[in-house]
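# Reading the structure
Listed here are the chains, written in short residue letters.
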Amino acid sequence: MDLLADSREEPVGDLEPDVEPSRAARVRVLLAAALGPLVTGYAAVAAVLALVALTAPRTVFSGTGVLLAAGPGWLAAHQVRLDLGVHPLGVLPLLPTLGTLALAARTASGAAVRLGCRSPREALPVFATVTGAHALFGLAIALCAEGSPVTANPLVAFVVPGLLAAAASAAGIAWCCGLPDVVAERLDPLALRGLRAGALGLAVLVACGAAVFTVATALSWRTVADMYEPAFGSSFGMFLLSVLYLPNAVTAALSFVTGPGFSIGDLDVGMFGYRGGAVPGVPLLGGLPEHHAAWWPALLALPAAAGVLVGWSLRKVDADPAQRIRTVAVAGAVVALGCVLLGTLSGGRLGDGPFDPVSVPVGVASVVAFCWIVIPGSFVAFFTGEHEPPAPPPEALEDNEAFEDADEVDAEEAAEAVEEIEASEEDEETEEPEEELEEEPDEDAEFEADADAELGLEEPADDVSGDDEAVTGGTETCGDVEPDETDR
């Protein structure tokens, strides 16, 4: 029983160390990481095209045609501009792009975990495999599409999917290998808080754009319903198209809420200006206004509220107001960068017709978004936070203590010096009366000696005892003399 009790109390560790996967296992994992997102993404695009072809009226379904069309569709999902003959198509849906990024990140993360990678350096083969596979697959599709009605630039088809896959796989590997914790340890805490607050501010701005788009679409629901055709296939295709381009519309609404607005061909919609133009007959655009409204500037309260929220979240990061404002500036930079990426991916060429191009003023939108975060955020962070001076570092405290100790030592030495001076002065004062007291008896003695000399009473000072006896005897004799009878 004692042995059992001891064995229960002692912790039991791993009996065997972590065994690295064999070379064959590593090859299988890397092949799965390379082919998995490609096959899955291609199959998803083919399934969507097949569904559209099956539901569309007056269309002959062809499996081979669907598989061939899925290649350019895969490139479009990775933001590679397509050429429909001589007409460019650069306004590509963002929703499939977000799906491909999530798929690549998850694949890279799973491969790194199966290989037992504990650091980004160990997961470098996974990163290179996923990135290279996407780049080569895009190049292969572009080369195979040469001579077909839908083509793509081979260089763009090689670079853009590779960059997107690299970003997604790096994010997945970093998350599973604990890179965020390492970065958090080495990064300035205030800068890290600024990054988090910037992500919060960007999410709030996107939510504001989505809310404005939803309300505008709901208020124009009758117009949106009239855009659908009676046939199920046509209506389903337009609905699917609207869903795929929904993030693009939210980004345009975000630019409108912050102020710069957006444009579709001749149509230019801004917070303080409006220019009419033709609009594609898509239910997604049914909520576009027909004229400018005087109450639109009231929507600027939404981005201002986002800046206030960012400032409120950073009001306690530091006791120094200047440090809080610096953190708000970091958050504003994150929001500006996010607006640049979203605006760049949301717009592009749309043929050569009246709807070309679709654009968001990326430069102006990023600067305005930065100001919406920094100005109200700095105001709130400055006035709602602490205003005490920052605590000095430990080195400064030690220096101050050393200076205080030195001052105390100097004060003590000065006090001792003053006491010594005062004591010396007191000693001099006390010595002077003693000398006077010693000299006064000498003067009295000289005066008495002079008086005795005048009276003839001076006696030699050598025989003091004899003189005393003589004087005593003389005085007694003189005092006891009685007059004789004869004299009487």
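The paragraphs below set out a description of the structure included in this document.

Quick notes on the rules
- Residues numbered from 1 in each chain as written.
- Predicted model: local features only at pLDDT ≥ 70, side-chain atom pairs only at ≥ 80, totals over all residues.
- Heavy atoms only, no water.
- Helix = DSSP H or I, 4+ residues; strand = E, 2+ residues; numbered from the N terminus.
- Contact = heavy atoms within 4.5 Å.
- 1 Å grid on protein atoms, 1.4 Å probe; cavity = no way out; pocket = protein on both sides within 12 Å on 5 of 7 lines; lining within 4 Å.
- Points joined across faces, edges and corners; volume = space filled by probe spheres on them.
- Nonpolar A, V, L, I, M, F, W, Y, C, P; charged D, E, K, R; others polar.
- Pairing = 2+ DSSP bridges.
- Buried < 20%, exposed > 50% of the residue type's maximum accessible area, 1.4 Å probe, protein only.
- Salt bridge = Lys/Arg side-chain N within 4 Å of Asp/Glu carboxyl O.
- Core = buried A, V, L, I, M, F, W, Y, C linked by side-chain atoms within 4.5 Å.
- Expected span 1.5 Å × (residues − 1).
- Polar contact = N/O pair within 3.5 Å; in protein donor to acceptor, adjacent residues only side chain to side chain.
- Axes fitted to C-alpha atoms, helices over the stretch in contact; angles between N-to-C directions.
- Left-handed = near helix turned anticlockwise from the far one by under 90°.
- Phe/Tyr/Trp six-rings, centres within 6.5 Å; stacked < 30°, edge-to-face > 60°.

To continue, consider the environment of Ala165. Mapping Ala165 onto the fold places it in helix H6 (residues 154–176). In this structure, the C-alpha to C-alpha distance between Ala165 and Leu101, residues 64 residues apart in sequence, is 6.7 Å. Beyond its immediate sequence surroundings of up to four residues, Ala165 is in contact with Val130, Thr131 and His134.

What follows is about empty space enclosed by the protein. Applying the stated criterion across every chain, the model contains three cavities of 30 Å³ or more. As a volume, the largest cavity reaches approximately 60 Å³. Lining the largest cavity, in full, are Thr251, Leu254, Ser255, Thr258, Cys339, Leu342, Gly343, Val360, Ala365 and Ala369. When contributions to the lining of the largest cavity are tallied by element, the ones reaching two or more residues are helix H11 (246–258), helix H13 (321–346) and helix H14 (362–384). A per-element tally of the lining of the largest cavity places H11 first, with four residues.

Here the focus is the layout of surface pockets. Empty space within the second largest pocket amounts to approximately 620 Å³. If you go around the second largest pocket, you meet 22 residues; those closest to its centre are Leu94, Gly338, Leu341, Leu342 and Leu345. By residue number, the principal contributor to the lining of the second largest pocket is H13, which donates seven residues. A breakdown of the residues in the lining of the second largest pocket according to their chemical character gives 15 nonpolar, seven polar and no charged.

Moving on, we get to the sheet that holds strand E4 (residues 262–264). Pairing in this open sheet of four strands is antiparallel, and the strands run E6-E5-E4-E7 from one edge to the other. With partners counted over all chains shown, the strands left at the sheet margins are strand E6 (274–275) and strand E7 (358–359), one partner each. Judged from the two bridges that link them, E4 and E7 form a sheet pairing that is antiparallel. Pairing of Ile264 across the sheet is with Val358, part of E7.

Our focus in this paragraph is the environment of Leu139. Residue placement: Leu139 occurs in helix H5 (residues 124–144). With a relative accessible area of 25%, Leu139 lands in the partly exposed category. Apart from the residues within four sequence positions on either side, Leu139 is in contact with Pro154, Ala157 and Phe158.

Moving on: the pattern of salt bridges. Under the defined criterion, the tally for this structure stands at four salt bridges. Linking Arg326 and Asp188 is a salt bridge whose minimum nitrogen-to-oxygen distance equals 3.1 Å. Remark: Asp188 occurs in the loop between helix H7 (179–186) and helix H8 (189–219) and Arg326 occurs in helix H13; sequence separation between them is 138 residues. The class for Arg326 is partly exposed, based on a relative accessible area of 37%. A relative accessible area of 32% places Asp188 in the partly exposed class. Each of the salt bridges in this network shares a partner with another, and the network as a whole consists of Arg349, Asp352 and Asp356.

Before going further, it helps to spend a moment on the nonpolar core. Nonpolar side chains tend toward joint burial in soluble globular proteins. Ranked by size, the top nonpolar core spans 24 residues in total, and within it Phe256, Phe262, Ile264, Met271, Leu284 and Leu288 carry the most contacts. When contributions to this core are tallied by element, the ones reaching two or more residues are H8, H11, E4 and strand E5 (267–269). Leave out the neighbours within four places in its chain, and Phe256 touches Gly261, Phe262, Val269, Gly270, Met271, Trp296 and Leu299. In terms of nonpolar packing, the next biggest core, distinct from the first, is built from 16 residues, Leu254, Ala331, Ala369 and Ile373 among them.

So, about H6. For H6, with 23 residues, the first-to-last C-alpha span of 33 Å sits near the 33 Å given by 1.5 Å per residue. Every buried residue of H6 is listed here: Ala157, Pro161, Gly162, Leu164, Ala165, Ala166, Ala168, Ser169, Gly172, Ile173 and Ala174. Along its buried surface, H6 packs onto helix H3 (63–77), helix H4 (94–114), H5 and H7. You can read the cap of H6 off the contacts: a side-chain oxygen lies 3.2 Å from the backbone nitrogen of Leu155, and it is on Asn153. Positive backbone phi, at 75°, marks Gly178, one or two positions downstream of H6.

This next bit is on the packing of H4 against H5. Each pair of packed helices can be summarised by the angle the axes make with each other and by the distance between the axes. For the pair H4 and H5, interaxial distance at closest approach is 9 Å and the crossing angle is 145°. Our pair here, H4 against H5, has a crossing hand that is right-handed. Within the contact between the two elements, H4 uses Ala104, Ala108, Ala111 and Ala112 and H5 uses Val126, Val130 and His134. Its residues assigned to classes, the contact of H4 with H5 shows six nonpolar, one polar and no charged.

Moving on to the packing of aromatic side chains. Taken as a whole and assessed by the stated rule, the structure comprises seven aromatic pairs. Between Trp74 and Phe137 the ring centres are 4.9 Å apart and the planes differ by 90°, which places this aromatic pair in the edge-to-face class. Note that Trp74 is positioned in helix H3 and Phe137 in helix H5, a separation of 63 residues in sequence. Residue classification places Trp74 among the buried positions, given a relative accessible area of 1%. Ring centres of Phe382 and Phe383 lie 4.9 Å apart, and the angle between their planes is 80°; on these two criteria the pair is classed as edge-to-face. The class of Phe382 is partly exposed, set by a relative accessible area of 28%.

A word on the environment of Gly194. Structurally, the position occupied by Gly194 is in helix H8. Sequence separation between Gly194 and Arg326 is 132 residues; the distance between their C-alpha atoms is 8.4 Å. Excluding its chain neighbours within four sequence positions, the residues that come into contact with Gly194 are Thr327, Val330 and Ala331.

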